[in-house]
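Each chain, letter by letter, is given below.
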Amino acid sequence: MFSSRAAARQLVRHIKRWQHSSNQPTLNSVTSDDIAHFAQFLPQNSILSTLSPIPVAPSELEQYNTDWMGKYRGSSTTVLRPHTTDQISKIMKWCNQRRIGVVPQGGNTGLVGGSVPTSNELILSLNNMSKVRSFDPVSGALVADAGCILEALTEYITPHNHIMPLDLGAKGSCQIGGNISTNAGGLRLLRYGSLHGSVLGLEVVLPDGTILDNLSTLRKDNTGYDLKQLFIGAEGTLGVVTGVSILTPAAPRAVNNMILALPTFENVLPLFKLARRHLSEILSAFELIDRTAYELAVKHGQGKGLSDEEIEGAQCFVLLETSGGKKEHDEEKLNILLETLLESDSPLINTGVLSQSPAQFSSLWKLREGVTEAVSKEGKAYKYDISIPLASFKEVVDATREQLRRKGLLHENAVKHVLGYGHVGDGNLHLNIVAAAYTPEIEAALEPFVYELVASYKGSISAEHGIGAMKTHAMHYSKSGVAIDLMKRIKHVFDPHGIMNPGKVLE
Ligand code: FAD
Ligand code: MLT
Ligand code: ZN
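Residues numbered from 1 in each chain as written. Chains lettered and ligands numbered in written order. Predicted model: local features only at pLDDT ≥ 70, side-chain atom pairs only at ≥ 80, totals over all residues. Heavy atoms only, no water.

**Q** Outline the site of ligand 2, listing residues and values.
**A** In the vicinity of ligand 2, the contacting residues are L111, R368, T372, K383, Y421, H423, H430, E464 and H465. Interatomic distance of 3.0 Å between a side-chain N/O atom of H430 and an oxygen atom of ligand 2. The side chain of E464 places a nitrogen or oxygen atom 2.9 Å from an oxygen atom of ligand 2. Notes on ligand 2: free accessible area 260 Å², of which the protein chains cover 86%. (Near = heavy atom within 4 Å. Polar contact = N/O pair within 3.5 Å; in protein donor to acceptor, adjacent residues only side chain to side chain. Areas by Shrake-Rupley, 256 points an atom, 1.4 Å probe, with all protein chains shown as cover.)

**Q** Account for a nonpolar patch on the surface, with residues named and values stated.
**A** Residues Y225, L227 and L230 make up a contiguous nonpolar surface patch of roughly 340 Å² in combined accessible area. Within the fold, L230 resides in helix α9 (residues 228-231). A residue is classified by how much of its surface remains accessible, and L230, at 33% relative accessible area, is partly exposed. (Patch = residues over 30% accessible without salt bridge, like charges linked within 9 Å, V, L, I, M, F, W, Y side chains within 5 Å. Salt bridge = Lys/Arg side-chain N within 4 Å of Asp/Glu carboxyl O. Helix = DSSP H or I, 4+ residues; strand = E, 2+ residues; numbered from the N terminus. Buried < 20%, exposed > 50% of the residue type's maximum accessible area, 1.4 Å probe, protein only.)

**Q** Describe the site of ligand 1, with residues and values.
**A** Residues in close proximity to ligand 1 total 34 residues, the closest being P104, G106, G107, T109 and G110. G186 places a polar main-chain atom, nitrogen or oxygen, 3.3 Å from a nitrogen atom of ligand 1. Coverage of ligand 1 by the protein chains reaches 97% of its 970 Å² of free accessible surface. With five residues, the top contributor of residues to the shell around ligand 1 is helix α6 (residues 176-182). When grouped by side-chain class, the residues that make up the shell around ligand 1 number 10 nonpolar, 22 polar and two charged. Summarising the domain contributions, the shell around ligand 1 has at least three residues from each of domain 1 (24-125) and domain 2 (132-247). (Nonpolar A, V, L, I, M, F, W, Y, C, P; charged D, E, K, R; others polar. Domains from an automatic or database assignment.)

**Q** So what about the pairing of strand β4 (residues 122-125)? Which residues, and what values?
**A** Burial along β4 is two-sided: the residues L122 and L124 and I123 and S125 are all buried. Pairing geometry for strand β2 (residues 78-80) and β4, over two bridges, is parallel. Bridging across to β4, V79 finds its partner in I123. Bridging between strand β3 (residues 102-105) and β4 involves four bridges; their strand directions are parallel. From the neighbouring strand, V102 faces β4, where its bridge partner is L122. (Pairing = 2+ DSSP bridges.)

**Q** Could you give me a rundown of the nonpolar core, with the residues and numbers involved?
**A** Counting residues in each nonpolar core, the largest one holds 63 residues, and the members touching the most others are L260, L271, F286, L320, Y384, L431 and I433. The leading source of residues in this core is helix α10 (residues 268-279), at six residues. Leave out the neighbours within four places in its chain, and L271 touches L260, L262, F286, V318, L341, L348 and I349. One finds I47, L126, C148 and L150 within the second-largest nonpolar core, a separate group that totals 49 residues. (Core = buried A, V, L, I, M, F, W, Y, C linked by side-chain atoms within 4.5 Å. Contact = heavy atoms within 4.5 Å.)

**Q** How would you sum up the UniProt feature "domain: FAD-binding PCMH-type" (unreviewed entry) in the chain? Please name residues and give values.
**A** Sequence positions flagged by UniProt for "domain: FAD-binding PCMH-type" (unreviewed entry) are, in local numbering, residues 72-251. Taken end to end, residues 72-251 is 23% helix and 22% strand, and its two terminal C-alpha atoms sit 38 Å from one another. (UniProt positions renumbered as here; feature names shortened; annotations may be inferred.)

**Q** Talk me through empty space enclosed by the protein; I want residue IDs and the actual numbers.
**A** Counted by the stated rule, this structure contains one cavity of 30 Å³ or more. When its volume is computed, the largest cavity comes out at roughly 30 Å³. Breaking the lining of the largest cavity down by element, the ones donating at least two residues are α7 (189-192) and β11 (283-290). It is β11 that provides the largest number of residues to the lining of the largest cavity, a total of three residues. Grouping the amino acids of the lining of the largest cavity by side-chain chemistry returns five nonpolar, three polar and three charged. (1 Å grid on protein atoms, 1.4 Å probe; cavity = no way out; pocket = protein on both sides within 12 Å on 5 of 7 lines; lining within 4 Å. Points joined across faces, edges and corners; volume = space filled by probe spheres on them.)

**Q** Go over the pairing of strand β10 (residues 254-262), please, and point to the residues and values.
**A** Most of β10 is tucked away, with eight of its nine residues classed as buried. Both β10 and strand β12 (residues 316-324) contribute to a ladder of nine bridges, which runs antiparallel. From the neighbouring strand, N257 faces β12, where its bridge partner is E321. Sheet analysis places β10 next to strand β13 (residues 351-354), joined by four bridges and oriented antiparallel. Paired with A261 across the strands is T351, a residue of β13.

**Q** Describe the sheet that holds strand β6 (residues 141-145), and please don't skip the residues or the numbers.
**A** In a beta sheet, neighbouring strands pair by backbone hydrogen bonds and run either parallel or antiparallel. Taken together, the five strands give an open sheet; going across it, the order is β5-β6-β9-β7-β8, and neighbouring strands pair in antiparallel fashion. Strand pairing shows two members of the sheet lacking a second neighbour, β5 (132-135) and β8 (211-214), which therefore form its edges. When the angles between neighbouring strand axes are averaged without regard to direction, this sheet yields 15 degrees. Across five bridges, β6 lies against strand β9 (residues 240-247) in antiparallel orientation. (Axes fitted to C-alpha atoms, helices over the stretch in contact; angles between N-to-C directions.)

**Q** Explain the pattern of salt bridges to me, and be specific about the residues and the numbers.
**A** Using the criterion set out here, one finds 18 salt bridges in the structure. One salt bridge in this structure joins E373 and K377, with 3.7 Å as the shortest N-O distance. Taken together, the residues E373 and K377, both in helix α15 (residues 371-378) and four residues apart, mark about one turn of the helix. For E373, a relative accessible area of 37% translates into the label partly exposed. Where salt bridges share partners, they join D167, K171, R188 and E369 into one cluster.

**Q** Give a detailed account of helix α3 (residues 58-65), specifying residues and quantitative values.
**A** Turning to α3, its buried residues are L61, Y64 and N65. The buried residues of α3 all sit within an arc of 90 degrees when viewed along its axis, so they share a single face. What points out from α3, more than 90 degrees from its buried face, is the exposed set S59 and Q63. If you follow the buried residues of α3, they end up packed against β1 (47-49), β2, β3 and β4. (Arc of directions from axis to C-beta.)

**Q** So what's going on with the packing of helix α11 (residues 291-299) against α15? Which residues, and what values?
**A** Taken N-terminus to C-terminus, the directions of α11 and α15 make an angle of 80 degrees; their axes are 8 Å apart at the nearest point. When the axis of α11 is compared with that of α15, the two are roughly perpendicular. Between α11 and α15, the contacting residues are A293, L296, A297 and K299 on the first element and V371, A374, V375 and E378 on the second. Partitioning the contact of α11 with α15 into residue classes produces six nonpolar, no polar and two charged. (Parallel < 35°, antiparallel > 145°, perpendicular 65-115°, else oblique.)

This is the structure we're talking about:
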């Protein structure tokens, strides 16, 4: 008996999930014999297993089985942490023969449940693959193991006056292989483009153990199909990325940023147009934080922004960054923009603050990058990472809040906040719903509501975080049946036994 339509919908979702799991191939669990096999070529400290002769406690595997948000949890008995591509090749060959599911795991900062098992698959951690292989200071081509932490790579190339073409709040934990496997966007995409452009080559271990050595450092190479592109954003469903060749841009000589307080969201679009006109090629980021996101970031100690008087009457904030050749010249451009904005008859902003020191520069960035952490400290977040026309950002946040209000779920014990922030320059909104707990009622109120809303704008249900385990059932809102069918056929070519990250991306 169903007491409400929400409960009925919940059942449909459960049936869909059951159908989903029945579509997955039957896979075998890891046994103690498998562990004995791995011990022939892996050092003892590379095997963490409850099945080992010297077993680890299940609690030691908790950090690998649980995702960053604490929303998705697997029950793997075994984590392998190889040091070389050859070891990974041997692991994959064995798992393929034995039909054991494998979840490649980088920094485990993914936000769609892609990096942890759906059941008891083996976890293949890239943590020990962390060497830089080469760097060419002339071309800027960096070749590194996939397990290198993004921030460590930045530190490696800083003395050569180069920067990584991507930056994100998780830089201290996420790995370059994870970034590539999710096709992470982040805070620099506006300026340096997507990883589909900056990745020059990849080394990948295929599900049967074959090593595809495609670690080219060439800028141009039109010899046949560009296979590396298939692994960028594949979320570990086609192979294990073990090595990366990536083009790093020369570091800008000067960077500046400023925060602007806007009286209304309607001003964001005209402000973006004006900023692009005034700053042209030096504009390197244009990020939105709505009032709720701003207040949560400040509340949870994520950087310092504006004074209480300065934020009065502000509906949202824009963090703008320039990267150029000459500090004074760029500052002058920013000051002219600020004056133009403030002196207009109907100003687009209430106020704006240009950072005056490296500490203030970092503090403003921390405010924006820290929203994710602030949200997770505030409660349990339902995160929707969507591409929609910029003009509809606010409509979507408001409509979602209204939907939750209609369902009687907008109160302290259910949904505490509905907020929006994101990469305006890329048309990417992060719609977050912060709840006291993850509950079926809230999920039923949000889905398919949010996906249908996104589809009505012909948007994308995943702008930069991927599909993972969270959105496999929702892919059709953004992709045609023909496209999904083709993806399934590609998956079958690479992974006929379905051992790579089962239950992720495709149903
Ligand atoms: P994991 O989380 O370990 O894995 C993610 C996926 O990639 C999984 O499906 C996994 O199986 C697969 N994978 C990982 N490594 C490999 C490999 N070597 N070979 C094959 N498959 C692999 N994302 C953005 O796009 N933009 C942002 O601005 C952004 N900011 C973030 C801020 C915070 C605070 C947090 C917590 C997350 C943020 N994310 C962002 C999401 C996340 O950090 C990125 O998706 C990141 O690229 C994931 O890297 P990772 O090493 O942690 O991968
Ligand atoms: C961001 O832009 O801050 C990241 O994508 C993470 C998030 O969506 O919270
Ligand atoms: Zn983002």
